[in-house]
Amino acid sequence: MEYDFKAIEAKWRQHWKQQGTYTVQEDGDKEKFYVLDMFPYPSGAGLHVGHPLGYIASDIIARYKRQQGYNVLHPQGYDSFGLPAEQYAIQTGQHPAITTERNIARYREQLDLLGFSYDWSREVRTSSPEYYRWTQWIFARLFEHGYDRGAGQSSPISTLKSHFAGHGNATVDWEVGMDTLIAAGTQCWGDGFEGHFTADQWNALDEKGQASLLMAYRLAYLADSEVNWCPALGTVLANDEVIGGRSERGGHPVVRKKMRQWMMRITAFADRLLDGLDGIDWSDSIKEVQRNWIGKSTGAQLRFSVQDHPGQEIEVFSTRPDTLHGANFLVLAPEHELVQIVTTPKERAAVDAYCHETSSRSERERMAGDRGMSGCFTGAHALHPLTGEPMPIWIADYVLAGYGTGAVMAVPAGDQRDWEFAQAFGLDIPAIFEGHDIAEGACTEKDAILCNSGDWSGLSCEEALPRAIRETEAAGFAQPRVNYRLRDAVFSRQRYWGEPFPICYVNGVPQLVEGAQVLLPEVDAYLPTEDGDPPLARAEKWNVLQGDRMEFNTMPGWAGSSWYFLRYMDPHNSDALCSREKSDYWGQVDLYVGGAEHGTGHLLYSRFWTKFLFDLGLIGFDEPFAKMVNQGMILGRSSFVYRVEGTNTFVTFEQRKAHRTQRLHVDISMVRNDILDLDAFKAWRPEFADAQFELNEDGAYRCGSEVEKMSKSKYNVENPDDLVERFGADTLRCYEMFLGPLEQAKPWDTQGISGVHNFLRKFTRLYLNGEEGVLVTDTPPSAEALRTLHKTIKKVTEDLDRLSWNTVVSALMIGINELTEMGCHDREVLQPLAAILSPYAPHLAEELWATAGGAGSAVDAPWPKWDPEKLVEAEVRYPVQFNGKVRFQLEVASDLSPSDVESAVLEDARTLKQLDGRAPRKVIVVPGRIINIVG
RNA sequence: GCCCGGAUGGUGGAAUUGGUAGACACGACGGACUUAAAAUCCGUUGGCCCGUAGGGCCGUGCGGGUUCAAGUCCCGCUCCGGGUACCA
């Protein structure tokens, strides 16, 4: 056999392992390049062909850069805390660590088959104490820091503390959780605390009181807040883990609940997270997702006084204070605290009923997606700040408690939802736009001209907006305001399999554990206690026990994955999460490859933590991933059989419409070219053992098919191990790239793999032959062979530089086809050819590199440079167009000037024939490209 | 609804700055080898038309436009995929 891939791949894998080929060290003489795959969660299901797609792409770049002389960091590890292992533990009693260990072993086995150039000596696992020690450490620093808005960066809480002792908090411009501060201050000094305290007040407090006030300033803080509670998982979830009212993992219902939780003040970094997007090379769509998630909007916060409730004010946020004259009612979220206060006795029953209704139905309602306008009048009125007119106060669920102030001023003429609400409840729609028919809907155009708006009448909205902000502020009932959609992130999980917090409680006050790392304790069951405390409350033995009790929550999945790219730089450091020296050398990730599904989770949180670590001076950059590529999903091709309803008889795809049938997925391993293996099908499941088939005329059972997501439940999974067994890892690597552009979703079709396999065989046959052995000769290559070589080097190099992985394979195929036709076996051609094959088919390339007499390993074979002179041809073949249509080809010497080409083409007999006596009006010669004759 | 992608042969796709549309590969068809099949090798393969040689016309989701020249740029649509949503 010429291409014995099994022997070749086993041999070189062994060789690399023995030589430690992929171990890298910092090397100041070389420029670095950092290629990283998104952190995998080692799931029990193993890999299907879609998973390695991104790993292959990144490995190719890593190998390419290494051959170009870069010092390449290309690590891999496991995000090994997480829900699936714990769910499994709940069901079986098996410790998640054991399941996780087993899954990692299986994962590694599959990865090893594919010939990746990972430096496994740098492997990290988030669930290992040596790793999560530093996750805990970062948490502790977040606890010890707040955000100084004036300085625009994180600052130690200790400085704040001394400031309070000297000056109180009146002059402090730090990010603060107002609700937490007011609640804490009220505890200390009673009702009437509005957020400011003096140095004397501060100094008079005991430690507990001071701690509760400081909590409002910490970046990691404990607070009572509305959280997403998932009863089925028994834990809270962050906003990005909830999709359409259900948990991202498992699809369980999620309800709002007020709970005391650890939170992360990511909102302090909102502007930096937004601005930082401009400097990084990510896809526009992911940047857009992050921008929307942060949701910055500017406008004004306006206060409306309430009739008959002196002192009560309703605050609203509006991006359009210029439309204030058109505001004629207010709408509060049903959960708004003033609802209970202002509702009149007459409306009380209706309001209570409405509030109850919304709280119970909102999740289902939002899932269903239909949203008729609903609402309820409170009986109360606010006063228009400009006219003093009474404005009815309504409640409605289209106003969200969690956004802005939970209240809006309704401008039915200028906002479509307000307009619909007014329509639904028969409220007036005051016209404030010139020439706009309010019966048709709201007017949201920015260039509309205002009317009935006092001094602002006649101005466009764009002109009126800054004036409105200025004048309402001067009038004393508004302030300019920037509002964000981004909320602080919940950081507690009521689960077992996660990082324990380095926190204990003393008199109910949370404190950092001193002097020792808190390890995840053993528990007798992975379930909440009878009192509803998280599983860690079951622990009878902790390795550290300080204060009255330990923290029972664990950290969320994104904790460990927010900084892992730093640990790879210095994985065994026991003094620091990563030395500054190493992070200065390796720096940002130069290429990050992974799915696009982490836009609002991991990719935002790791940017947040990176900025924090940067503020602390621990690293020298504040964006983790300089460039990112998101690979598309590989889709599976599912096969179907059609069972006649109520029978055990199956009809073919062609006959399915003649009967009432049920469509059932069948395992694609039983189907070849859409024809079902009947015996295999009968043996598949007991219920099919006596299945009857109505076959087509040719005696075959033809299945239906559809392209859909690759998943176990659809029986359309293609497993990389099987394909490696049949074709080899090099073929699989090349084929996954050959499928199409990395970013695009594409269906998997195993049939096509033979073409790529043939290509590698053909490649081999230039070097080796079954009968004659090594064919490589030292004869000087022909100009033609050199041209093919240099053309291929050029194309492959340029395509890799623009991350066009798929076209590289085609370019190599074309080169090989040409050299095969020429019968080229010249060492001078074959050696560089093996070098440029190496990133794609590293095992075969090693073999061929050695065969062609290359020195050392192909992994370090210098990347060849193309020589432009070798590309030059003596003759150039011009397509000749007449009025844009190609009529013939003209061969001319390639050094002819454009005017000489023009005379040559005009003299050509075929030109005269085409022109048929007409005089050409214009002749365009694009040198080396095309000739177009107009006339 | 909004935002972001995308639409090219039977299929996956190529065409990088406007310059020969369909590279490369799969599949299909025809042939060689073979008792036969598999494997392998060779040839044909966007559609329509002129019997052939050679040509001609049409053709990159649809309708317009700019240009000597448009898959590529502009305007207006249709459909498909993904994300997101009462965000004030």
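Look above for the structure.
Only a predicted model underlies this, so the values are computations on that prediction, with no experimental measurement involved.

**Observations regarding the packing of helix H24 (residues 783-801) against helix H25 (residues 805-822)**
Point 1. Here H24 crosses H25 at 175 degrees, and the two axes come no closer than 9 Å. Here H24 is positioned roughly antiparallel relative to H25, judged by the angle of their axes. Where H24 abuts H25, its residues Glu784, Ala785, Thr788, Lys791, Thr792, Lys795, Val796, Asp799 and Leu800 lie against Thr807, Val808, Ala811, Leu812, Ile814, Gly815, Glu818, Leu819 and Met822.
Point 2. Looking at the contact of H24 with H25 residue by residue, the class counts come to 9 nonpolar, 4 polar and 5 charged.

**Some remarks on the pairing of strand S23 (residues 634-644)**
Point 1. The element S23 is extensively covered by neighbouring structure, given that 10 of its 11 residues are classed as buried.
Point 2. Direction of pairing for S23 relative to strand S29 (residues 704-709): antiparallel, over a ladder of 6 bridges. For Ser638, the partnering residue across the bridge sits in S29 and is Glu706.
Point 3. Strand direction decides the pairing type here: S23 and strand S25 (residues 661-666), joined by 6 bridges, are antiparallel. If you follow Arg643 over to S25, its bridge partner there is Gln662.

**A short note on the side chain of Asp418**
Point 1. Note that Asp418 resides in helix H14 (residues 416-425).
Point 2. Buried charged residue Asp418 carries no salt bridge. Nearest counter-charge: Arg417, at 5.0 Å.
Point 3. Not counting residues within four places of it along the chain, the set of residues in contact with Asp418 comprises Phe329, Tyr398, Val408, Met409, Ala410, Val411 and Pro412.

**What to know about the pattern of salt bridges**
Point 1. Scanning the entire structure with this criterion turns up 47 salt bridges.
Point 2. Arg265 serves as the salt-bridge partner of Asp488, at 3.8 Å between the closest nitrogen and oxygen. Taken together, the residues span a long stretch of sequence, with Asp488 in the loop between strand S16 (478-483) and strand S17 (489-490) and Arg265 in the loop between strand S9 (255-264) and helix H10 (270-276) at a distance of 223 residues.
Point 3. Look at Asp488 and you get buried, because its relative accessible area is 16%.
Point 4. For Glu347, the salt bridge identified is with Lys346, shortest N-O distance 4.0 Å.
Point 5. Classification of Lys346 by relative accessible area gives exposed; the value is 74%.

**What about a negative patch on the surface?**
Point 1. A cluster of acidic side chains, namely Glu445, Asp447, Glu462 and Glu463, defines a negative patch on the protein surface.
Point 2. Mapped onto the elements of the fold, Glu462 is located in helix H15 (residues 461-474).
Point 3. Among the residues examined, Glu462 registers a relative accessible area of 54% and is labelled exposed.

**Re the packing of aromatic side chains**
Point 1. Enumeration according to the criterion identifies 57 aromatic pairs in this entry.
Point 2. Ring geometry for Phe164 against Phe197: centres 5.0 Å apart, planes inclined by 80 degrees, an arrangement best described as edge-to-face. Here Phe164, found in helix H6 (residues 157-167), pairs with Phe197, found in the loop between helix H7 (178-189) and helix H8 (199-204); they are 33 residues apart in sequence, far enough to count as distant.
Point 3. Given a relative accessible area of 0%, Phe164 falls into the buried group.
Point 4. Between Trp394 and Phe425, the aromatic rings sit 4.9 Å apart at their centres with planes inclined by 50 degrees, giving tilted as the arrangement. Of this pair, Trp394 sits in strand S14 (residues 390-395) while Phe425 sits in helix H14; the two residues are 31 residues apart in sequence, bridging distant segments of the chain.
Point 5. Residue class for Trp394 comes out buried when judged on its relative accessible area of 10%.
Point 6. Through pairs of rings, three or more aromatic residues link up here, namely Phe139, Phe143, Trp262, Phe491, Phe501, Trp558, Tyr605 and Trp609.
Point 7. In this arrangement the basic side chain of Arg265 is found over the ring face of Tyr221, its NZ or CZ atom lying 4.0 Å from the centre.

**Let's talk about the nonpolar core**
Point 1. Ranked by internal contacts, the top residues of the largest apolar core, which has 85 residues, are Met737, Tyr767, Leu800, Trp805, Leu833, Leu837 and Tyr840.
Point 2. If sequence neighbours within four positions are ignored, Leu833 has contacts with Phe763, Leu766, Tyr767, Leu789, Ile816 and Leu819.

**Topic: the environment of Glu821**
Point 1. With respect to the helices, strands and loops of the structure, Glu821 is situated in helix H25.
Point 2. We classify Glu821 as exposed; its relative accessible area is 74%.

**What about the sheet that holds S14?**
Point 1. One open sheet accounts for 4 strands, arranged S13-S14-S12-S15; its pairing is mixed. Bordering the open sheet on either side are strand S13 (376-383) and strand S15 (407-410), each of which pairs with just one other strand. Each neighbouring strand pair of the sheet contributes to a mean axis angle of 25 degrees, computed without reference to strand direction.
Point 2. In this sheet, S15 lies alongside strand S12 (residues 329-332) in antiparallel orientation, the contact comprising 4 bridges. Pairing of Phe329 across the sheet is with Ala410, part of S15.
Point 3. Those strands touched by H14 are S12, S14 and S15, and its axis lies near 100 degrees from that of S12.

Scoring rules and cut-offs
- Residues numbered from 1 in each chain as written.
- Chains lettered and ligands numbered in written order.
- Predicted model: local features only at pLDDT ≥ 70, side-chain atom pairs only at ≥ 80, totals over all residues.
- Heavy atoms only, no water.
- Axes fitted to C-alpha atoms, helices over the stretch in contact; angles between N-to-C directions.
- Helix = DSSP H or I, 4+ residues; strand = E, 2+ residues; numbered from the N terminus.
- Parallel < 35°, antiparallel > 145°, perpendicular 65-115°, else oblique.
- Contact = heavy atoms within 4.5 Å.
- Nonpolar A, V, L, I, M, F, W, Y, C, P; charged D, E, K, R; others polar.
- Buried < 20%, exposed > 50% of the residue type's maximum accessible area, 1.4 Å probe, protein only.
- Pairing = 2+ DSSP bridges.
- Lys, Arg positive; Asp, Glu negative; His and termini not counted.
- Salt bridge = Lys/Arg side-chain N within 4 Å of Asp/Glu carboxyl O.
- Patch = residues over 30% accessible without salt bridge, like charges linked within 9 Å, V, L, I, M, F, W, Y side chains within 5 Å.
- Areas by Shrake-Rupley, 256 points an atom, 1.4 Å probe, with all protein chains shown as cover.
- Charge placed at Lys NZ, Arg CZ, Asp CG, Glu CD.
- Phe/Tyr/Trp six-rings, centres within 6.5 Å; stacked < 30°, edge-to-face > 60°.
- Lys NZ or Arg CZ within 6 Å of the ring centre and 35° of its normal.
- Core = buried A, V, L, I, M, F, W, Y, C linked by side-chain atoms within 4.5 Å.

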